[in-house]
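So you can see what is in the structure, the chains are spelled out below.
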Amino acid sequence: MKRVLVLDARELARVLERMAAEILEKIPEEQRLYFVGIQTRGVPLAKRLAQLLAKRTGSAPPVGALDITLYRDDVGPWRPAHQQPLLRATDLPEPVDGRVVCLVDDVLYTGRTVRAALDTLMDYGRPRAIRLAVLVDRGHRELPIAADVVGRVVPSSRKEDVQVRLTETDGEEGVWIVKEERA
Amino acid sequence: MSVKPAASLRSRHLLGIDPLSPEEIQLILDTAEHMREIAKRPIKKVPALRGKTVVNLFLEPSTRTRFSFEVAEKRLSADTLNFSASGSSVEKGETLLDTARNLEAMEPDFIVIRHPNPGAPHMLAKVLKSSVINAGDGTHEHPTQALLDALTIRLRRGTLEGQVVAIVGDLQHSRVVRSNVLLLSRMGAKVRVAGPPSLIPVGMEKLGCEVYHRMEDAIAGADVVMMLRIQLERQERMNFPTVREYFDLFALTPERLKLAKKDCLVMHPGPMNRGVEIDSRVADGPQSVILEQVTNGVAVRMAVLYLLAGGSGEPIAD
């Protein structure tokens, strides 16, 4: 396995700063803003973005956590026998009705996770709008989905794995491309 | 001992607690804990089991368990078919195996079975393609009940490990006690059981519990007191002289409850015989978590259905 660094901890912090600025620019109704992180790594990213925004505006938007597992399109007959993905917590501290929800995830790839997240969110209420912010866009979309705010575009091959590692979830910080090396 | 949850369940059936490892139990409880949140949503339904069919084959009376399974199935978007003995071909003398084979010809993904004979679900699991879930087989096991009891204790206490759980009542006819002792002891709790000598099966202690004949000794200092129902319908002969005497010796009264820890939880799998094994003042008192057990039952059954519902395809990228 070959691991190539794309963003180190300092670069990652800078990218997040820029994303926060861009979110403010693109979502002018900051009083309605509501960050919702997709489990697992979208959650700490959403919290960090909310803090960065608070520094700029003086007030921190609410942050929620969304687990999309039960809405995935590969749960059920397309799974190998009895290997179901693990459930994680969904915690939306405030109703989403009328809010501008900014969904946050670490990597945008096929778009299937985002599709599931949209469906999940709709079962909680009727947001005024939903935006999407991702740290990494690695391409290879399988659904017509695009992010509003992208931290870094990382061209990748399907055979590679794009790894985002965060202190809160992984004990290290950075973005890597991982290649399976042929023997 | 904080048990790490397993990545998945090894079997496609849930026949009892006995075949489960501590890691598998942990996986079910962790999953159930997250399932609870669905009941608080404006739309209490998720699409995870869309297109799956569940047959609820209840060949013995049940209200709570049958409703609980049905709610769980519906919250996961499964299609449900309910089958009960009365008014069916079972009354015309059809055997269980024939009934099940006929139902399976309609291609259900799950069969949830409640049956008066121990081992009935195991027999079905051997011959059917569907996943079989044991919803109570005679006096043998009632795995989802033990799982919901464990979830209730864990949510209230934070852990099962080291908890002193006293189970009191008819140990002879109770599948609930068997599944509970197996589960709780496996997860590091200390289980004590008590009941009249005529209702304690031989070799009870081998399940992993201490056996007491006086209720007071069993509940002294306990974290949880779980009362079992006196199953008058399973008693071929009366194993105690009178209900009055049973109440005097083995009912959970406010006075007896004082022997346990101050914040001891009071549990009962239902249906309760008020004034037989439990005093109403305790059943409706501040320490009672009996209705929480019912709520957690739905979450546990959702977790079990979800975890058993894998398909046979290849994994695909996210």
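For the structure itself, look to the data block above.
Computed from a predicted model, the values in this text were never measured in an experiment.

So, how was this worked out
Residues numbered from 1 in each chain as written. Chains lettered and ligands numbered in written order. Predicted model: local features only at pLDDT ≥ 70, side-chain atom pairs only at ≥ 80, totals over all residues. Heavy atoms only, no water. Helix = DSSP H or I, 4+ residues; strand = E, 2+ residues; numbered from the N terminus. Contact = heavy atoms within 4.5 Å. Core = buried A, V, L, I, M, F, W, Y, C linked by side-chain atoms within 4.5 Å. Buried < 20%, exposed > 50% of the residue type's maximum accessible area, 1.4 Å probe, protein only. Pairing = 2+ DSSP bridges. Axes fitted to C-alpha atoms, helices over the stretch in contact; angles between N-to-C directions. Phe/Tyr/Trp six-rings, centres within 6.5 Å; stacked < 30°, edge-to-face > 60°. Lys NZ or Arg CZ within 6 Å of the ring centre and 35° of its normal. Salt bridge = Lys/Arg side-chain N within 4 Å of Asp/Glu carboxyl O.

**Student:** Give me the environment of Thr-57 of chain A: which residues, what numbers.
**Tutor:** Residues and elements named next belong to chain A. Structurally, Thr-57 is set in helix 2 (residues 42-57). Thr-57 sits 33 residues away from Leu-24 along the chain, and the two C-alpha atoms are 9.1 Å apart. If sequence neighbours within four positions are ignored, Thr-57 has contacts with Leu-24 and Glu-30.

**Student:** Could you give an account of the nonpolar core, naming the residues involved and the relevant values?
**Tutor:** If you look at the biggest cluster of nonpolar residues, it comprises 87 residues, and the most contacted ones within it are Met-35, Leu-147 and Leu-183 of chain B. The dominant element in this core, judged by the number of residues it contributes, is helix 11 (residues 290-308) of chain B, at 10 residues. Once residues lying within four places of it in the same chain are set aside, the contact partners of Leu-183 of chain B are Ile-17, Ile-25, Ala-146, Leu-147, Ala-150 and Leu-160 of chain B. Met-19, Val-107, Leu-135 and Val-149 of chain A belong to the second largest nonpolar core, which has 31 residues in total.

**Student:** Describe the side chain of Gln-293 of chain B, naming the residues involved and giving the relevant values.
**Tutor:** All names here are of chain B. Looking at the secondary structure, you find Gln-293 in helix 11. Of the residues examined, Gln-293 reaches a relative accessible area of 3% and is grouped as buried. In this structure Gln-293 touches Gln-145, Leu-148, Asp-149, Thr-152, Met-267, His-268 and Pro-269, once residues within four positions along its chain are discounted.

**Student:** Tell me about the sheet that holds strand 2 (residues 33-38) of chain A, and name the residues and values.
**Tutor:** Residues and elements named next belong to chain A. In spatial order, the strands read 3-2-4-5-6; together these five strands make up an open sheet with parallel pairing. In the strand order of this sheet, the two ends are held by strand 3 (63-66) and strand 6 (149-153), each with one partner. Strand-to-strand twist of the sheet, defined as the mean angle between neighbouring strand axes without regard to direction, takes the value 25°. The pairing of strand 2 with strand 3 spans four bridges and is parallel. The partner of Val-36 across the bridge, within strand 3, is Gly-64. Sitting on the sheet, helix 1 (residues 9-26) is in contact with strand 2, strand 4 (100-108), strand 5 (129-137) and strand 6, with an inclination near 150° to strand 6.

**Student:** Run through the packing of aromatic side chains, naming residues and quoting values.
**Tutor:** Summed over the entire model, instances satisfying the criterion amount to two aromatic pairs over all chains. Ring geometry for Phe-240 of chain B versus Tyr-246 of chain B: centroids 4.9 Å apart, planes at 40°, classification tilted. Accessibility assignment for this pair places Phe-240 of chain B and Tyr-246 of chain B in one class, buried. Chaining the aromatic ring pairs together yields one cluster made of Phe-240, Tyr-246 and Phe-250 of chain B. Here Arg-3 of chain A stacks its cationic end above the ring of Trp-176 of chain A, 4.0 Å away from the centre of that ring. Positioned above the aromatic ring of Phe-69 of chain B, the side-chain terminus of Arg-301 of chain B is 5.0 Å from the ring centre.

**Student:** Which residues make up unusual backbone geometry, and what values do they have?
**Tutor:** Between Gln-39 of chain A and the following residue, Thr-40 of chain A, the backbone shows a cis peptide bond with an omega angle of 5°. The topology assignment puts Thr-40 of chain A in the loop between strand 2 and helix 2. Geometrically, the link from Gly-270 of chain B to Pro-271 of chain B is a cis peptide bond, its omega value of -10° lying close to zero. Relative to the assigned elements, Pro-271 of chain B resides in the loop between strand 9 (265-267) and helix 10 (280-283). In the Ramachandran plot, Glu-107 of chain B falls in the positive-phi region, its phi being about 55° despite a non-glycine side chain. Judged by its relative accessible area of 64%, Glu-107 of chain B falls in the exposed class.

**Student:** How would you sum up the pattern of salt bridges? Please name residues and give values.
**Tutor:** Residue and element names in this part refer to chain A. Counted according to the given criterion, the structure contains 32 salt bridges over all chains. Across the salt bridge formed by Glu-172 and Arg-3, the nearest N and O atoms sit 2.9 Å from each other. Remark: Arg-3 occurs in strand 1 (residues 2-7) and Glu-172 occurs in the loop between helix 4 (167-170) and strand 8 (174-179); sequence separation between them is 169 residues. You can call Glu-172 partly exposed: its relative accessible area is 26%.

Honestly, it's all geometry; don't read function into it.
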